[in-house]
Amino acid sequence: MLLLTPLLRGTITMGKWKAVMVQVLTLALSGAPAMAISVYLGGVGAVDVAWCFFLSMALSSLAAARTIHTSLRDGTVVEAAFRAYFIILLSCVPYFILYGIARGTGGVFWPGYVAAFIHPYCAWEAAANPAQTGFAAWGWIGATLVTAGLAWFYLVRTAGLLSGARMASAFL
């Protein structure tokens, strides 16, 4: 049925991604009252809630885009989800090596802290330990933008793959 729709390939891709992101946003906002109480009572700061929310949404966005992208190639949804998860998980290895060197040298190796501005996992660790990482604790802003850009890249590539799948169909 997907091959017979008159919708454009980008509209199909963005519609699938938006459907996933609405579910993720609903789940994330369901915890907002508990987080608001925690901020009010002094448990965590508003900045901590902000970086946690934005990095979670950025990673969810990337995972959704990557899963939609791999679902065109893989036979099952479960296989596509696992492949997308492991690709995102393994992508952090080089950044964690640089970040680990920076942490081990006491901040002398500053390129390692750049990883906190690029990869969301490194940004998460840097934001969770602001006293030890200094300015890299604000890396979550850059990492969120980089991750959103990667999600957009995968969505555009998915639209291109969908075009090839639709053109190869015997129904069109």
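Scroll up for the structure.
What counts, and where the lines are drawn
Residues numbered from 1 in each chain as written. Predicted model: local features only at pLDDT ≥ 70, side-chain atom pairs only at ≥ 80, totals over all residues. Heavy atoms only, no water. Helix = DSSP H or I, 4+ residues; strand = E, 2+ residues; numbered from the N terminus. Buried < 20%, exposed > 50% of the residue type's maximum accessible area, 1.4 Å probe, protein only. Contact = heavy atoms within 4.5 Å. Areas by Shrake-Rupley, 256 points an atom, 1.4 Å probe, with all protein chains shown as cover. Core = buried A, V, L, I, M, F, W, Y, C linked by side-chain atoms within 4.5 Å. Patch = residues over 30% accessible without salt bridge, like charges linked within 9 Å, V, L, I, M, F, W, Y side chains within 5 Å. Salt bridge = Lys/Arg side-chain N within 4 Å of Asp/Glu carboxyl O. Expected span 1.5 Å × (residues − 1). Arc of directions from axis to C-beta. Axes fitted to C-alpha atoms, helices over the stretch in contact; angles between N-to-C directions. Parallel < 35°, antiparallel > 145°, perpendicular 65-115°, else oblique. Left-handed = near helix turned anticlockwise from the far one by under 90°. Nonpolar A, V, L, I, M, F, W, Y, C, P; charged D, E, K, R; others polar.

### Section: the overall build of the chain
Moving on, step 1. When helices and strands are counted, the chain shows 9 helices and 0 strands.
Moving on, step 2. Taken from N to C terminus, the helices and strands of the chain fall in the order α-α-α-α-α-α-α-α-α.
Moving on, step 3. Counting over 172 residues, the chain shows a buried share of 31%.
Moving on, step 4. Taking contacts inside the chain between residues at least 6 apart in sequence as the whole, the part at least 24 apart equals 65%.
Moving on, step 5. Carbon and sulfur atoms make up 75% of the accessible area of the chain, which amounts to about 10,100 Å² in all.

### A closer look at the nonpolar core
Considering soluble globular proteins, one finds that nonpolar side chains tend to be buried as a cluster.
Moving on, step 1. One finds Trp17, Met21, Met57, Leu59, Leu62, Ala64, Ala65, Ile68, Ile88, Ala151, Tyr154 and Leu155 forming the largest nonpolar core, which totals 12 residues.
Moving on, step 2. Counting residues per element, the ones that place at least two in this core are α1 (9–30), α3 (46–71) and α9 (139–167).
Moving on, step 3. At 6 residues, the largest contribution of residues to this core is made by α3.
Moving on, step 4. When sequence neighbours within four positions are dropped, the list of residues in contact with Ala65 reads Trp17, Ala151, Tyr154, Leu155 and Thr158.
Moving on, step 5. The next biggest cluster of nonpolar side chains, apart from the first, holds 8 residues, and it includes Tyr113, Ala116, Cys122 and Ala136.

### Quick look at a nonpolar patch on the surface
Moving on, step 1. The grouping of Val78, Phe82, Tyr85, Phe86, Leu90, Val93, Ile97 and Ile101 at the surface amounts to a nonpolar patch, some 800 Å² of accessible area in total.
Moving on, step 2. Counting only elements with at least two residues in the nonpolar patch, the list comes to α4 (77–90) and α5 (93–104).
Moving on, step 3. For the nonpolar patch, the leading source of residues is α4, giving 5 residues.
Moving on, step 4. Along the polypeptide, Tyr85 turns up in helix α4.

### Brief notes about the side chain of Thr13
Moving on, step 1. Secondary-structure assignment places Thr13 in helix α1.
Moving on, step 2. By relative accessible area, Thr13 is classed as buried at 2%.
Moving on, step 3. If sequence neighbours within four positions are ignored, Thr13 has contacts with Ile68, Leu155, Thr158, Ala159 and Leu162.

### Some thoughts on α1
Turn by turn, an α-helix covers 3.6 residues, leaving residues three or four places apart pointing in a common direction.
Moving on, step 1. If you check α1, its first and last C-alpha atoms are 32 Å apart, about what 22 residues at 1.5 Å a residue would give, namely 32 Å.
Moving on, step 2. For α1, the full list of buried residues reads Ile12, Thr13, Trp17 and Met21. Down the axis, α1 shows its buried residues gathered within 160° of arc, on one side only. For α1, the exposed residues set more than 90 degrees away from the buried face come down to Val22, Gln23, Thr26 and Ser30.

### Things to note about the side chain of Arg66
Moving on, step 1. Within the element layout of this structure, Arg66 appears in helix α3.
Moving on, step 2. The exposure class of Arg66 is buried, given its relative accessible area of 10%.
Moving on, step 3. In contact with Arg66, other than residues within four places in its own chain, are Ala84, Ile87, Ile88 and Tyr154.

### Observations regarding helix α7 (residues 120–128)
Moving on, step 1. Within α7 the residues assigned to the buried category are Pro120, Cys122, Ala123, Ala126 and Ala127. The arc that holds every buried residue of α7, seen down its axis, measures 155°, which confines them to one face.

### Some thoughts on the packing of α5 against α7
Moving on, step 1. The contact between α5 and α7 brings their axes to 9 Å, and the two run at 25°. By the angle class used here, α5 and α7 are roughly parallel. α7 is crossed by α5, and the crossing has right-handed handedness. In contact with Tyr95, Phe96, Tyr99 and Arg103 of α5, α7 contributes Tyr121, Cys122, Glu125 and Ala126.
Moving on, step 2. Of the residues belonging to the contact of α5 with α7, the class tally is 6 nonpolar, no polar and 2 charged.

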